[in-house]
Protein chains: 4
Amino acid sequence: MRADARRNRELIVRAATRVFMDTGCSGSMEDIAQAAGLGVGTLYRHFPDRAGLLALITCDVVSRLAAQVEAAAATDLPRWEVLLGYVRDAVREPLAMLKSVSTDDPVVAGPAERLHAVLGRVVEGAQAEGSLRADLETAAVTDLLGLVVCRPGARDDDPLATVVLDGLRAPGLENRPDAIRGQ
Amino acid sequence: MRADARRNRELIVRAATRVFMDTGCSGSMEDIAQAAGLGVGTLYRHFPDRAGLLALITCDVVSRLAAQVEAAAATDLPRWEVLLGYVRDAVREPLAMLKSVSTDDPVVAGPAERLHAVLGRVVEGAQAEGSLRADLETAAVTDLLGLVVCRPGARDDDPLATVVLDGLRAPGLENRPDAIRGQ
Amino acid sequence: MRADARRNRELIVRAATRVFMDTGCSGSMEDIAQAAGLGVGTLYRHFPDRAGLLALITCDVVSRLAAQVEAAAATDLPRWEVLLGYVRDAVREPLAMLKSVSTDDPVVAGPAERLHAVLGRVVEGAQAEGSLRADLETAAVTDLLGLVVCRPGARDDDPLATVVLDGLRAPGLENRPDAIRGQ
Amino acid sequence: MRADARRNRELIVRAATRVFMDTGCSGSMEDIAQAAGLGVGTLYRHFPDRAGLLALITCDVVSRLAAQVEAAAATDLPRWEVLLGYVRDAVREPLAMLKSVSTDDPVVAGPAERLHAVLGRVVEGAQAEGSLRADLETAAVTDLLGLVVCRPGARDDDPLATVVLDGLRAPGLENRPDAIRGQ
DNA sequence: TATGAATGAGGATTCATTCAT
DNA sequence: AATGAATGAATCCTCATTCAT
């Protein structure tokens, strides 16, 4: 890929992310092109259609997150810390706008599955180490974290995050983010 | 207002609610008119524009909720019970589709303020009675409940609701929905 | 259907026929709307899409022709005369522009089959009465007439028509359009 | 012109012919470039625009046919045979796709005129030798032959060709492709 | 010179809104 | 007053053509 094409692709992704965030996923292709300082045709050369653009952005974000969680999961940090790290990483990403993207899209399905898999292992590990409530199914916990991080303006220390993370703690560890039961 | 006009207005609101829920707020005016068994012209006689229709539905829902909370707040039930009652009532309403409606609309602002006010009093009462964590601002709690209640498919006993409500409990009362500190 | 709607539909069909004839089937919907003195939206209310419009025009033309041939076939005219009548009728219609319309479209398939059927019977009758060459398959003759009739500017007495009709005559009757063998 | 330039030009013409035949003249420049294994830029270096490319192909085909007819006309074959030879040659060429090219284009006008001229002489010769109907104008006959050879899938022995050639025969020679009146 | 990336006008289609019946 | 036909701006997307690499 030529240097200018790569640069423009990057410009498009950035502009699209910005526009989608501002408009809640309903910005037009013309708007995005303008925000990128390019013509619409260039958009379509890089992304065959609107859905493809959304899918690519989703794929990018989700892949990045999956890689970060995998890296953290490979350390010997407490699993609870790994989960907190995921929330910290995720709230930095433009996830709110991605709720309308279906994970059926093959471009998205792979990374989504990868993230789901590693998160699932971390959740089970956290329940095993006694830092996470044991009375919730794995999928319930990951869905819950999904809701925490997929809000406009989400932060890892905002009220919802604080309360949910507290509510996920194993009994007796509430309000003690760093503690692991028995320690 | 004549009897048939009131009837048509009712038909429209019902149809619009149904259509908006089915399509995630993106149903067309034509769809709504058809669902109501009326012509588009009749729609526009009752509601000046699409935003007005959404605002009206929002107004209806929010007013109903405000009235319910006010009624519950007028009893001597524990304030925590009043909050739980609000969640139970709210998840029955089509709130998920209303996230895109801004509360700036004058039609919505009144009822929204009314709901916010009564919820604020209940939250403070709950903190005073020791059933609700005291380390959160009133607005943080109401925002939090808003998120719990404004999801597609929300229920008052689904994982998010369970965990958030648990996280909102005063320390020592977690996992005990009915208890009030000191009892 | 309301009076003005019927009138507009008629205007659209006329305008579309004219535009398609002028541009060889490549006129835009905007062009057609303008030619009809209407907005594009009105076009789309009457015809769901471009293909639908072409299909409708085809259907109209073909149905009209089928009815004319059926009427002629019901008389006791010589079958050769019925065929000549078909050519006379058909060259008056805007058939040239319809070559790109596939008869797969269900709207077109019915009338096309109807026309094909009645023409087939007339061809066989003509061969039986000895006015039409017997060494050609029915479908070959109808295809041939199709080509005669589906040209821009076709007339029933232009060189191609004259020569082809002459070539279709039974041996011995060439150059005698009115004669039937043995008479 | 350099050797590789000539080679590319040849590649383009071949690819364009193939693509236009496959798509009925509506293939895109990108498609053609791809089929030629070249970039679009190279296409435009050789041909200033789409119409120019079509004109060139037309020019090629028509020139080739003109040369073939001229060669046959230079022999002492019966003129009827020369006409049949033209039909045989022409149906092998991709003429159907060229109907949309106007002969006004200066690139096409020359060869078209050349072909028309030689065909005209052959037609007159055939009428003189008594093998071709004498009651048709020269231009009528050449137009007629044009229609015969400019169809998708035309063959020199398909029903239309058979019937038209038969219809063009002088009276008394019908159904005898090889005969010349008086022989 | 060859390449293919960029451009933007043009075309099909949708839908909120207006207006004639 | 109710209806639904008409309107046209807005949106997605294509493709002939230009231009930077």
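Basis of the calculations
- Residues numbered from 1 in each chain as written.
- Chains lettered and ligands numbered in written order.
- Predicted model: local features only at pLDDT ≥ 70, side-chain atom pairs only at ≥ 80, totals over all residues.
- Heavy atoms only, no water.
- Near = heavy atom within 4 Å.
- Polar contact = N/O pair within 3.5 Å; in protein donor to acceptor, adjacent residues only side chain to side chain.
- Helix = DSSP H or I, 4+ residues; strand = E, 2+ residues; numbered from the N terminus.
- Nonpolar A, V, L, I, M, F, W, Y, C, P; charged D, E, K, R; others polar.
- Least-squares fit on C-alpha atoms with pLDDT ≥ 70 in both.
- Axes fitted to C-alpha atoms, helices over the stretch in contact; angles between N-to-C directions.
- Parallel < 35°, antiparallel > 145°, perpendicular 65-115°, else oblique.
- Left-handed = near helix turned anticlockwise from the far one by under 90°.
- Contact = heavy atoms within 4.5 Å.
- Buried area = accessible area lost by both parts, 1.4 Å probe.
- Salt bridge = Lys/Arg side-chain N within 4 Å of Asp/Glu carboxyl O.
- Buried < 20%, exposed > 50% of the residue type's maximum accessible area, 1.4 Å probe, protein only.
- Arc of directions from axis to C-beta.
- Domains from an automatic or database assignment.
- UniProt positions renumbered as here; feature names shortened; annotations may be inferred.

Identification of chain A as Regulatory TetR family protein from Kutzneria buriramensis is taken from an unreviewed UniProt entry.

Here's the deal with the protein's contact with DNA strand F
DNA strand F sits among 29 residues. The nearest are T42 and R45 of chain B together with N8, T42 and R45 of chain C. Backbone atoms, meaning sugar plus phosphate, form 64% of the atoms of DNA strand F positioned within 4 Å of the protein. Here a phosphate oxygen of DNA strand F sits 3.2 Å away from a polar atom, N or O, in the side chain of Y44 of chain A. Here a phosphate oxygen of DNA strand F and a side-chain polar atom of R50 of chain A are 2.8 Å apart. For the surface near DNA strand F, the secondary structure elements donating two or more residues are α3 (40–46) of chain B together with α1 (3–23) and α3 (40–46) of chain C. Broken down by element, the residue count for the surface near DNA strand F peaks at five residues, all from α3 of chain C. Across the surface near DNA strand F, the residue classes break down as nine nonpolar, 11 polar and nine charged.

A few points about the relation of the copies chain D and chain C
With an axial shift of 0.1 Å and an RMSD of 0.5 Å, the rotation relating chain D to chain C amounts to 177°. Both chain copies can therefore be described as sitting about a two-fold axis. Of every C-alpha in chain D, the one belonging to G167 of chain D sits nearest the axis of rotation, 2.2 Å from it.

Looking at the protein's contact with DNA strand E
Taken together, the neighbourhood of DNA strand E is formed by 30 residues, with N8, T42 and R45 of chain A together with T42 and R45 of chain D sitting nearest. Near the protein, within 4 Å, the atoms of DNA strand E are sugar or phosphate in 66% of cases. Between a phosphate oxygen of DNA strand E and a main-chain N or O atom of R50 of chain B, the distance comes to 2.9 Å. Looking at the surface near DNA strand E, the elements that each hand over two or more residues are α1 (3–23) and α3 (40–46) of chain A together with α3 (40–46) of chain D. Looking at the surface near DNA strand E element by element, the count peaks at five residues for α3 of chain A. When its residues are assigned to classes, the surface near DNA strand E shows nine nonpolar, 11 polar and 10 charged.

Notes on the packing of helix α4 (residues 50–73) of chain A against helix α6 (residues 106–129) of chain A
Residue and element names in this part refer to chain A. Where α4 meets α6, the axes come as close as 8 Å, and the angle between the chain directions of the two elements is 25°. Between α4 and α6, the angle falls in the class roughly parallel. Considering how the two elements wind past one another, α4 and α6 form a crossing that is left-handed. Note on element contacts: α6 touches α4 through V107, V108, P111, A112, R114, L115, V118, L119 and V122, opposite A55, T58, C59, V62, S63, L65, A66, A67, V69, E70 and A73. Grouping the constituent residues of the contact of α4 with α6 by class yields 16 nonpolar, two polar and two charged.

Brief notes about the interface of chain A and chain B
On the side of chain B, 17 residues touch chain A, which itself brings 17 residues to the contact. For the pairing of chain A and chain B, the buried interface totals around 1400 Å² over both sides, and the portion due to carbon and sulfur atoms is 74%. Applying the counting criterion to the chain A and chain B interface returns two salt bridges. One salt bridge in this structure joins R133 of chain A and D166 of chain B, with 3.0 Å as the shortest N-O distance. The set of elements that each furnish at least two residues to the side of chain A that touches chain B consists of α7 (138–149) and α8 (159–168) of chain A.

Re the interface of chain D and chain C
Listed per partner, the contact involves 17 residues of chain D and 17 residues of chain C. Summed over the three residues of chain D that lose the most area to chain C, namely R133, L160 and V163 of chain D, the buried surface amounts to 32% of that side. There are two residue pairs in polar contact (both at pLDDT 80 or more) connecting chain D and chain C. Of all the secondary structure elements, the ones that give two or more residues to the side of chain D that touches chain C are α7 (138–149) and α8 (159–168) of chain D. The element that contributes the greatest number of residues to the side of chain D that touches chain C is α8 of chain D, accounting for eight residues. Each residue belonging to the side of chain D that touches chain C can be placed in one class, and the counts come to 10 nonpolar, three polar and four charged.

Focus: the relation of the copies chain A and chain B
With an axial shift of 0.2 Å and an RMSD of 0.5 Å, the rotation relating chain A to chain B amounts to 177°. By residue overlap, the copies meet face to face through one surface: 100% of the interface positions of chain A are interface positions in chain B.

Overview of the pattern of salt bridges
Counted under the stated rule, the structure contains 36 salt bridges over all chains. Close ionic contact of R133 of chain A with D135 of chain A constitutes a salt bridge, the shortest N to O distance being 3.0 Å. Classification of R133 of chain A by relative accessible area gives buried; the value is 5%. What emerges from the salt-bridge pattern is a single network uniting R133 and D135 of chain A together with D166 of chain B.

Concerning helix α2 (residues 29–36) of chain A
It helps to recall that an α-helix has 3.6 residues per turn; residues three or four apart then point in one direction. Residue and element names in this part refer to chain A. All of the buried residues along α2 are M29, I32, A33 and A36. Down the axis of α2, the buried set is contained in an arc of 100°. They therefore lie on one face. Facing away from the buried side of α2 by more than 90 degrees, the exposed set consists of E30 and Q34. Contact partners of the buried residues in α2: α1, α3 and α4. Two residues or fewer after α2 comes G37, characterised by a positive phi angle close to 70°.

Digging into the domain arrangement of chain A
Residue and element names in this part refer to chain A. For chain A, the assigned domains read domain 1 (1–47) and domain 2 (55–178). Taking only C-alpha atoms, the centre of domain 1 and the centre of domain 2 are 28 Å apart. Each side of the interface is counted separately: domain 1 has eight residues, and domain 2 has six residues. Contact between domain 1 and domain 2 buries roughly 550 Å² in total, counting both sides, with carbon and sulfur atoms accounting for 84%. Of all residues in domain 1, V13, T17 and C25 bury the most surface against domain 2, accounting for 52% of the area lost on that side. The interface formed by domain 1 and domain 2 contains zero salt bridges. Joining domain 1 to domain 2, the criterion identifies zero residue pairs in polar contact (both at pLDDT 80 or more). Per-class residue counts for the side of domain 1 that touches domain 2 are six nonpolar, one polar and one charged.

Here we look at the UniProt feature "DNA-binding region" (unreviewed entry) in chain A
Under the present numbering, the feature "DNA-binding region" (unreviewed entry) in UniProt falls on residues 28–47 of chain A. Between the first and last C-alpha atoms of residues 28–47 of chain A the distance is 14 Å; the span itself is 75% helix and 0% strand.

Thoughts on the arrangement of the chains
For chain A and chain C, which are not in contact, the least C-alpha distance works out to 21 Å. Contact between chain B and chain D is absent, and the minimum C-alpha spacing across the pair is 36 Å.

Examining the packing of α7 of chain D against α8 of chain D
All names here are of chain D. With their axes 10 Å apart at the nearest point, α7 and α8 run at an angle of 165° to one another. By the angle between their axes, α7 is roughly antiparallel relative to α8. You can see that α7 and α8 cross each other, and the crossing is left-handed. Residue-level inspection shows V141, L144, L145 and V148 of α7 in contact with α8, the latter providing L160, A161, V164, L165 and L168. Of the residues belonging to the contact of α7 with α8, the class tally is nine nonpolar, no polar and no charged.

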